[in-house]
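Okay, here's what each chain looks like letter by letter:
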Amino acid sequence: MSNPIVITVDGTAASGKGTLAKRLAHHFGFAHLDSGSLYRLTALAVIEAGGNPASASDAERGAHAIDLSMANDPKIRTAEMGQAASLVAAVPAVRAALLNFQREFLAHPPGESPGAVMDGRDIGTVICPMATAKLFVDAKPEVRAHRRWLELESLDQGGDEAHILAELKARDLADKSRPISPLKPAPDVFLLDTSDLDIDAAFAAALALVKPKIEGALKALPQG
Ligand code: CDP
């Protein structure tokens, strides 16, 4: 496939971007990649090797040792792994090591799919600036902390919501202020605030934003 269709979904932690990306992929029959899982897997590789996620050399080694078969393991979904992922993600050599995998996924979506949806922090700005449609998802910190608490609770790791809120704010700040690939909306992005939207309403809003571009691109694909 020469020019696959790409939807990028960037945004803050627990904004709902992962669920939206999955649902958009399902709707259009596209492949989906949660790029955050690559940084979480890097953090896991570092920790399991007894390394320190704040060490650039340990982090780089971790990025070269990720085990993609662990991408759906609840182990990488813990709050601890989210923090460690944010640390390794600020290391330029880690981002360089993960870049090709992400670009390759978008250039050749698995399953001969005509397109791909990728969620993360820098997908519309760095990984795929020429994407067909870009979303930037955000919500009020208190709303996101509650959603993350519910998510962790379902993994029996609930904990204190005020602590989760503080952790999310610290991670947002780190992600937005790092020198490499900071979290920021691309200039040509559709902004979506999901503070007052449940997941069905957020999906309907996201779909309404990207649909004209995606349907246009699907129509322009060579037939057969
Ligand atoms: O699910 P949540 O939004 O909490 O986090 P995630 O998407 O799994 O990402 C975990 C961490 O990885 C983020 O805080 C970022 O520091 C980093 N990340 C990144 O730098 N670039 C990406 N494309 C995706 C994640």
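For the structure given in this document, a descriptive report is provided here. (Residues numbered from 1 in each chain as written. Predicted model: local features only at pLDDT ≥ 70, side-chain atom pairs only at ≥ 80, totals over all residues. Heavy atoms only, no water.)

1. Quick notes on the site of the ligand
Stage number 1. Around the ligand lies a shell of 19 residues, among which Lys17, Arg40, Arg171, Asp175 and Arg178 are the nearest.
Stage number 2. When isolated, the ligand has an accessible area of 530 Å², and the protein chains bury 97% of it.
Stage number 3. Given that more than half its atoms are within 2 Å of the pocket grid, the ligand belongs to the largest pocket.
Stage number 4. For the shell around the ligand, the secondary structure elements donating two or more residues are helix 2 (36-48), helix 4 (79-89) and helix 8 (161-177).
Stage number 5. Of the residues assigned to the shell around the ligand, the class counts are six nonpolar, four polar and nine charged. (Near = heavy atom within 4 Å. Areas by Shrake-Rupley, 256 points an atom, 1.4 Å probe, with all protein chains shown as cover. 1 Å grid on protein atoms, 1.4 Å probe; cavity = no way out; pocket = protein on both sides within 12 Å on 5 of 7 lines; lining within 4 Å. Sits in = over half its atoms within 2 Å of the grid points. Helix = DSSP H or I, 4+ residues; strand = E, 2+ residues; numbered from the N terminus. Nonpolar A, V, L, I, M, F, W, Y, C, P; charged D, E, K, R; others polar.)

2. Description of the layout of surface pockets
Stage number 1. Counted as a void, the largest pocket has a volume near 930 Å³.
Stage number 2. Examining the composition of the lining of the largest pocket, we find that five residues originate from one element, helix 2, more than from any other.
Stage number 3. When the residues that make up the lining of the largest pocket are grouped by side-chain class, the tally is 13 nonpolar, 14 polar and 17 charged.
Stage number 4. Each of two domains, domain 1 (1-30 + 113-214) and domain 2 (37-108), supplies a minimum of three residues to the lining of the largest pocket. (Points joined across faces, edges and corners; volume = space filled by probe spheres on them. Domains from an automatic or database assignment.)

3. What to know about the pattern of salt bridges
Opposite charge on two side chains makes pairing possible when the charged atoms of those side chains draw close.
Stage number 1. Throughout the structure, instances matching the rule amount to twelve salt bridges.
Stage number 2. The salt bridge partner of arginine 23 is aspartate 200, with a shortest N-O separation of 2.9 Å. In this pair, arginine 23 sits in helix 1 (residues 17-28) while aspartate 200 sits in helix 9 (residues 199-220), placing the two residues 177 residues apart along the sequence.
Stage number 3. Relative accessible area serves as the criterion here: at 48%, aspartate 200 is assigned to the partly exposed category. (Salt bridge = Lys/Arg side-chain N within 4 Å of Asp/Glu carboxyl O. Buried < 20%, exposed > 50% of the residue type's maximum accessible area, 1.4 Å probe, protein only.)

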